[in-house]
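Architecture and fold: a report
Next come the chains, spelled out residue by residue.
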Amino acid sequence: MLTECGQKLPVVVESFYMNSCSTEGYKPPENRAELELRYAAGERHFPNTDLSGESLVGIKLDDADFEKHSWFFDADFSGASLRGVSFRECNLKCVNFSAADLTGAILELAAIESIKTNGAKLEEVRVRGASFYGCELSENDELPSWEW
């Protein structure tokens, strides 16, 4: 069977892939409260989300997927738990990730500019193909060994 994304998949994964690919009737969360409510209900796929200027301090979004085209300008994720989160093909401009746990986060093909990562956990962060401009690190932080 061909999905609306144009891929032929085995029946076992058909249903999952259709749900993750389809955007018909989908409306992204518009604020922190809505995002937290939907995350608590088990939703993990949030494409096209725009939470610019939103305070997301201390939020827990482990394994959430903002892939594709989500926009986070001047968003504050300081102290957040973002383990395994996918920001693939997202815009991350002037985002504060200070003291956030980004272990295993995916930033591949993202537009990354002027982010703060002071005290953030950055183990196994993947940024292959991302455009990257400006990162503020504290004196003892090291830039992770990322694959380009």
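See above for the structure.
Below or above, wherever it landed, is the structure these notes cover. (Residues numbered from 1 in each chain as written. Predicted model: local features only at pLDDT ≥ 70, side-chain atom pairs only at ≥ 80, totals over all residues. Heavy atoms only, no water.)

**Section: the overall build of the protein**
Helix and strand counts for the protein stand at two helices and four strands. Overall, the protein shows an N-to-C arrangement of helices and strands of α-α-β-β-β-β. Classification of the 148 residues of the protein by burial places 39% in the buried group. Counting contacts in the protein only where the partners sit at least 6 residues apart, residues at least 24 apart contribute 6% of the total. (Helix = DSSP H or I, 4+ residues; strand = E, 2+ residues; numbered from the N terminus. Buried < 20%, exposed > 50% of the residue type's maximum accessible area, 1.4 Å probe, protein only. Contact = heavy atoms within 4.5 Å.)

**Comments concerning the packing of aromatic side chains**
For the structure shown, the criterion picks out eight aromatic pairs. Between Phe 77 and Phe 87, the ring centres sit 5.9 Å apart and the planes meet at 70 degrees, which makes this aromatic pair edge-to-face. With Phe 77 in the loop between strand S1 (71-73) and strand S2 (91-93) and Phe 87 in the loop between S1 and S2, this residue pair connects regions lying 10 residues apart in the sequence. Summarising the burial analysis for this pair, Phe 77 and Phe 87 share the class buried. Of the aromatic side chains, those joined through ring pairs into one cluster are Phe 46, Phe 66, Phe 72, Phe 77, Phe 87 and Phe 97. The aromatic ring of Tyr 39 is capped on one face by Arg 44, whose charged end is 3.6 Å from the ring centroid. (Phe/Tyr/Trp six-rings, centres within 6.5 Å; stacked < 30°, edge-to-face > 60°. Lys NZ or Arg CZ within 6 Å of the ring centre and 35° of its normal.)

**Remarks on the nonpolar core**
Leu 61, Phe 66, Phe 77, Phe 87 and Phe 97 are the most contacted members of the largest nonpolar core, which has 32 residues in total. Elements with a contribution of two residues or more to this core: helix H2 (32-40) and strand S3 (111-116). Excluding anything up to four places from it in sequence, Phe 97 contacts Phe 77, Ser 78, Leu 82, Phe 87, Leu 92, Leu 102, Ile 115, Lys 116, Thr 117 and Ala 120. (Core = buried A, V, L, I, M, F, W, Y, C linked by side-chain atoms within 4.5 Å.)

**So, H2**
Among all positions of H2, only Arg 32, Leu 35, Arg 38 and Tyr 39 are buried. Axial view of H2: buried residues confined to an arc of 135 degrees, hence all on one face. Of the exposed residues in H2, those oriented more than 90 degrees away from the buried face are Ala 33, Leu 37 and Ala 40. At the N-terminal boundary of H2, the capping side chain belongs to Asn 31, with an oxygen 3.2 Å from the backbone nitrogen of Ala 33. Count one or two residues on from H2 and you reach Gly 42, which has phi positive near 105 degrees. (Arc of directions from axis to C-beta. Polar contact = N/O pair within 3.5 Å; in protein donor to acceptor, adjacent residues only side chain to side chain.)

**A look at the side chain of Asp 62**
In this structure, Asp 62 sits in the loop between H2 and S1. The class of Asp 62 is buried, set by a relative accessible area of 14%. In terms of polar contacts, Asp 62 uses its side chain to reach the side chain of Ser 81, at 2.6 Å. Those residues in contact with Asp 62, other than ones at most four positions away along the chain, are Tyr 39, Arg 44, Ser 81, Leu 82, Arg 83 and Val 85.

**A closer look at the pattern of salt bridges**
Enumeration over the complete set of coordinates arrives at 10 salt bridges. Between Glu 34 and Arg 38 there is a salt bridge; the shortest N-O distance is 2.9 Å. With Glu 34 and Arg 38 both in helix H2 and four residues apart, the pair spans about one turn of that helix. Overall, Glu 34 belongs to the partly exposed group, its relative accessible area being 24%. Judged by its relative accessible area of 16%, Arg 38 is buried. A cluster of three or more residues bridged by salt bridges with shared partners is formed by Arg 88, Glu 89, Glu 108 and Arg 126. (Salt bridge = Lys/Arg side-chain N within 4 Å of Asp/Glu carboxyl O.)

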